[in-house]
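Residues per chain are reported as follows:
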Amino acid sequence: MNEPLKHTPLYDLHVSLGAKMVPFAGYEMPVQYPMGVMEEHQHTRHKAGLFDVSHMGQLRIRPRSGGGAEAAAAFETLVPMDFIALPEGRQRYALLTNEQGGIRDDLMVARQAGDLFAVVNAANKDSDAAYIEKQLAGDCQVTRQFDRALLALQGPKAVDVIVDLFPQAAAMRFMDCVDTTLDGVAVTLSRSGYTGEDGFELGLPADKAEAVARKLLDHPDVAPIGLGARDSLRLEAGLCLYGQDLDTTTTPVEAALVWSIQKSRRPGGERAGGYPGAEMIAQQLETGVYRKRVGLIPEGRAPIRAGVELFADEAGTEKVGRVSSGGFGPTVGGPVAMGYVSKEKAALDTPLFASLRGRMVPVVVRRMPFVPAGFKR
């Protein structure tokens, strides 16, 4: 708690652009720029926003013998996802689970010709790396690339901007990931992000980050975007934030992330089980869960935020859950939220009540995402 805040390679650029800096995951990060959160959000939805996500952790998982197939097989012992059948040059959302079926972290993992490339959450990157190193010690070598920068360019105009640097980006599909070069420097380029929009992420050397960022910002359709708009964008997209919507006490089934578990890893599949918590998750897949993550739309204009309790009745006598993330959705034009409710109250259009500063606010269970995804399939 008393350690000094770290800086990403773009810290000086953020300050020069007039960013308001705040503590986040041990780093001093931009929460907004002079444009303001609302306009930054809309700019990303309609044009292209540049995000500094260099605080996140980049890992290379290389087999001690063999190539990407061996790394994929080893990694499947830690997650309920299928990486053996994932083609080279593609990436997948994954969940590190614990022995109780809870989620240690959520991450993005790409299968490459010789290894796996993973991006993990900032607050967990040291513990994730240590855990993966320990669990796969006999099979793989884990290289921490925490000294590299990571930029995200998100929005419908992102592809028009990025092709000036990487012509091959035009042909990439959502969740493609390639190792390439820029001016002779190694870059990992993926067509992905966490806003619900089309976009790209660039892993590159720290000493090249500011020059690349400035080149992207020179484009008239690109603006710098802070953590405030990043949060409202991912919330409208129905995407989880680790530590709020996901944690070690929450299983993939409760979190409504069953879609991320491929058929081959489910009960009856050719490689079912074999990962931490598999028995619990298999049981929940078969019999269901007591609570489930759902989308929520409150009545009126006041946002309901994380921690707000949810009730079945206006009198507040039957508590049925709590909000895990919430705020104002600029694209929706009103408040949006997600949370966990009892399975009896998880059906679409179920009316609930949120206890907000001494009054009960009507809330309705709605489908996520709240804004249609703009990915290039």
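Residues numbered from 1 in each chain as written. Predicted model: local features only at pLDDT ≥ 70, side-chain atom pairs only at ≥ 80, totals over all residues. Heavy atoms only, no water.

**Details of the sheet that holds strand β17 (residues 334–342)**
We apply this condition: Here a strand pair is declared whenever DSSP counts at least two bridges between the two strands. To qualify as a helix, a DSSP run of H or I must reach at least 4 residues; to qualify as a strand, a run of E must reach at least 2; elements of each kind are numbered from the N terminus. Angular values range over 0 to 180 degrees, each being the angle between N-to-C directions of two axes fitted as lines to C-alpha atoms, with helices fitted over their stretch in contact. A contact between two residues is defined here by any heavy atoms of the two lying within 4.5 Å.
One closed barrel accounts for six strands, arranged β14-β17-β16-β15-β18-β19; its pairing is antiparallel. Looking at each pair of strands side by side, their axes are set apart by 40 degrees on average, direction ignored. Bridging between strand β16 (residues 319–329) and β17 involves eight bridges; their strand directions are antiparallel. Looking at β17, one finds that F328 is bridged to P335. The strands touched by helix α7 (residues 227–236) within the sheet are β16 and β17, with β16 carrying the most contacts at an inclination of about 125 degrees.

**Observations regarding the environment of F311**
Put simply, the test is: Accessible area is worked out with a 1.4 Å probe on protein chains only. A residue is then buried under 20% of its type maximum, exposed over 50%, and partly exposed in between.
Assignment of secondary structure puts F311 in strand β15 (residues 309–311). Overall, the relative accessible area of 8% leaves F311 in the buried class. Spatially, the C-alpha atoms of F311 and V363 are 9.5 Å apart, while their sequence positions differ by 52 residues.

**Remarks on unusual backbone geometry**
Between M368 and the following residue, P369, the backbone shows a cis peptide bond with an omega angle of 5 degrees. Along the chain, P369 falls in the segment after β19 (359–366). Non-glycine residue D183 carries a positive phi angle of around 55 degrees. Checked against the element boundaries, D183 lands in the loop between β10 (177–182) and β11 (185–190). With a phi angle near 75 degrees, D349 is a residue other than glycine that sits in the positive phi range. Looking at the secondary structure, you find D349 in the loop between β17 and β18 (351–356).

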